[in-house]
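# Tertiary structure, described
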Amino acid sequence: MFDSIALLLAALVSADAHPDLIIENVTVLEVESGEKLPSRNVAITDGSIISVSSEPVESGENSLVIDGQGKFLIPGLWDTHVHSVTNWSWHAPLFLAHGVTSVRNMHTSETEGYAIIREIKKQAARGEAPRMIANGFIVGGAEDPWDGVLEVVTAEDARKAVEMHRQNGMDFIKVYEGISPEAYRALMEMAEEAALPVDGHLPGRIRTQEAVMLGQRTIEHGIAFALGCSDPNKAEALQASYERPALAGLPGLIEFMLMLRAYDEARVEEDCVALARLMSDHGTASVPTIINSLTADAELSMATPGQREALPSSLYAQWSEMAASPFSEAVAKARGPVMSPIRSEIATLKEAGVTILAGTDLGNPFIAPGVSLLRELELLVEAGLSNREALEAATTAPAKVFKLEGLGCIVAGCKADLVLLEADPLESISNVRRISSVVIAGHYHSKSDLDRDVLQALDAEDR
Ligand SMILES: [Zn+2]
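Structural notes, computed from the coordinates.

What counts and how
- Residues numbered from 1 in each chain as written.
- Predicted model: local features only at pLDDT ≥ 70, side-chain atom pairs only at ≥ 80, totals over all residues.
- Heavy atoms only, no water.
- Disulfide = S-S within 2.5 Å.
- Helix = DSSP H or I, 4+ residues; strand = E, 2+ residues; numbered from the N terminus.
- Buried < 20%, exposed > 50% of the residue type's maximum accessible area, 1.4 Å probe, protein only.
- Pairing = 2+ DSSP bridges.
- Lys, Arg positive; Asp, Glu negative; His and termini not counted.
- Salt bridge = Lys/Arg side-chain N within 4 Å of Asp/Glu carboxyl O.
- Polar contact = N/O pair within 3.5 Å; in protein donor to acceptor, adjacent residues only side chain to side chain.
- Contact = heavy atoms within 4.5 Å.
- Core = buried A, V, L, I, M, F, W, Y, C linked by side-chain atoms within 4.5 Å.
- Donors = N, O, S within 2.8 Å, 3.2 Å for Na, K, Ca; no water.
- Axes fitted to C-alpha atoms, helices over the stretch in contact; angles between N-to-C directions.
- Parallel < 35°, antiparallel > 145°, perpendicular 65-115°, else oblique.
- Left-handed = near helix turned anticlockwise from the far one by under 90°.

A separate point is the state of the cysteines. Taken as a whole, this structure holds two disulfides when the rule is applied. The disulfide partner of Cys-229 is Cys-272, and the S-S distance across this bridge is 2.1 Å. Taking the torsion about the S-S bond as the criterion, the Cys-229 to Cys-272 disulfide, at about 80°, is right-handed. Within this pair, whereas Cys-229 is found in helix α7 (residues 222-229), its partner Cys-272 is found in helix α10 (residues 269-282), the two being separated by 43 residues in sequence. Residue classification places Cys-229 among the buried residues on the basis of a relative accessible area of 1%. At a sulfur-sulfur separation of 2.1 Å, the disulfide partner of Cys-409 is Cys-414. Since a negative S-S torsion denotes a left-handed disulfide, the Cys-409-Cys-414 link at about -120° is left-handed. Classification of Cys-414 as buried rests on a relative accessible area of 4%. Sequence-ordered numbering of the bonded cysteines in the chain gives a disulfide pattern of 1-2, 3-4.

Shown next as structure tokens:
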């Protein structure tokens, strides 16, 4: 009885209450249509948008009112490929400071990974950190070089892996190159029954086309696409013919770079067009992680605008030293030109209507949190997307692919994850760097608060 009275009172109070947060007189960008809605008032209560209108919104004593005059409001951004569980304490403030309000974490080697991920999700619900969808541990094989990989060889192993993800409430499964074809095929069936999407790398010994037809939801990195539409004999011959740098150390990495270059050069255009059409038909999304491909040129990566400010100084110094070494120069030379094959891949994907997602592969050397996602948006534009399409790849598209209703939108009923910009990103994508404030789960963070949190977190990392 008492409970129901309390509930009734709560309902009456909230029906009567003024919004927690009002952003006044702002231009709202509709990412899908590219429309700009001027002079809107956006009202937010309990973490959700309750109205977007040209009519004035009445504020109360406890409402925070933000002047949006001359500013542009976009949905919070996604980095759809990160490895951040281990470094969450400094990655999280950097994400928020760069407008990244959601991430998809793609593997953790932490033994306590599941518990950490659950804790991270609670922080997001309180509006303190980005939202995270996560997989826990990679499903792969003995040859996969990472810690914490689940080695999956038989159908029974696959069943156990699916069960482990389900029991721990993970959002999806990430497959990796070492999983056996038998286990992969079994896993795809069992994951579907358990309603767990499967994302990830292309399993070795499985053709890209088969992974697409079996329903893998995303294909990560450009190489998976190239593997599906290059002539393997030509690629092998090319790789053998390349000049090797006269340099000791990590021959495996040099060979890997030569392999990537060979597959880029051995592409058969009509096969790539057919593969892109197949992906489009099956709703398979591509996560090209362009910025990660470009780390083959480490010196260039370290020169990314905003890089230094987004790294603990100890790590910045360490990576700068690595980047300046003759070995890094040899890697860049072995890899050859990166942007022109990426351009042709993006053009083919775009022409076929394949969904492209913005992701960075943060966690790898030379990639800094948050700022790398903004750079990825610029690179997607350099690779051939329009400014609007690049924004889509980090807002509406991830929300759709991951089936997360209420994210990536600015209408009544959507979650209040928002970025307020000083300038219009549809005019120049680099305007995503001009952040005025960020809202996550209805909580307002001014730029100065975000910058202070970043400095504190980087300082703590250096100590
Ligand atoms: Zn990754």
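When strand β16 (residues 435-440) meets strand β17 (residues 443-446), the two strands line up antiparallel, connected through four bridges. Bridge pairing in β17 links Ile-440 to His-443. The loop that links β16 with its antiparallel partner β17 comprises two residues; one of these, Ala-441, has a positive phi angle of about 50°.

What follows is about the side chain of Arg-40. Tracing the backbone through its elements, the reader meets Arg-40 in strand β2 (residues 35-45). Buried within the structure, Arg-40 lacks any salt-bridge partner; its nearest side chain of opposite charge belongs to Glu-35, at an N-O separation of 6.6 Å. There is a polar contact of 2.9 Å between the side chain of Arg-40 and the backbone oxygen of Pro-38. Residues contacting Arg-40, with those up to four places away along its chain left out, are Ile-23, Glu-24, Asn-25, Val-26, Val-28, Val-52, Ser-53 and Ser-54.

Counting 103 residues, the largest nonpolar core has Leu-77, Ile-173, Leu-187, Leu-377 and Leu-380 as its most contacted members. No other element matches helix α2 (residues 88-97), which puts seven residues into this core.

On the protein side, the zinc ion has His-81 (NE2), His-83 (NE2) and Asp-361 (OD) as donor atoms, found 2.0 to 2.1 Å from it. Mapping the donors of the zinc ion onto the primary sequence gives the spacing H-x1-H-x277-D. In this pair, His-81 is assigned in strand β6 (residues 77-82) and Asp-361 in the loop between α15 (339-352) and α16 (371-382), connecting sequence segments 280 residues apart.

Take the sheet that holds strand β8 (residues 131-134) next. Spatially, the three strands line up as an open sheet ordered β6-β7-β8, and their pairing is parallel. Two strands lie at the open edges of the sheet, namely β6 and β8, each paired on one side alone. Neighbour to neighbour, the strand axes of the sheet diverge by 20° on average, direction disregarded. Here β6 runs beside strand β7 (residues 100-105); their pairing, made up of four bridges, is parallel. Within β7, the position partnered with Trp-78 by the bridge is Ser-102.

The phi dihedral of His-221 falls on the positive side, at around 75°, and the residue is not glycine. We classify His-221 as buried; its relative accessible area is 11%. Even without being glycine, Phe-366 reaches a positive phi, approximately 75°. Its place among the elements puts Phe-366 in the loop between α15 and α16. The exposure class assigned to Phe-366 is buried, which follows from its relative accessible area of 9%.

Next up on the list: the packing of α10 against α15. Two elements in contact, α10 and α15, have axes whose closest approach is 8 Å; the angle formed by their N-to-C orientations is 45°. Classified by the angle their axes make, α10 and α15 are oblique. In terms of crossing hand, the pair formed by α10 and α15 is right-handed. Contacts between α10 and α15 pair Glu-269, Cys-272, Val-273, Ala-276, Arg-277, Met-279 and Ser-280 from the former with Thr-348, Leu-349 and Ala-352 from the latter.

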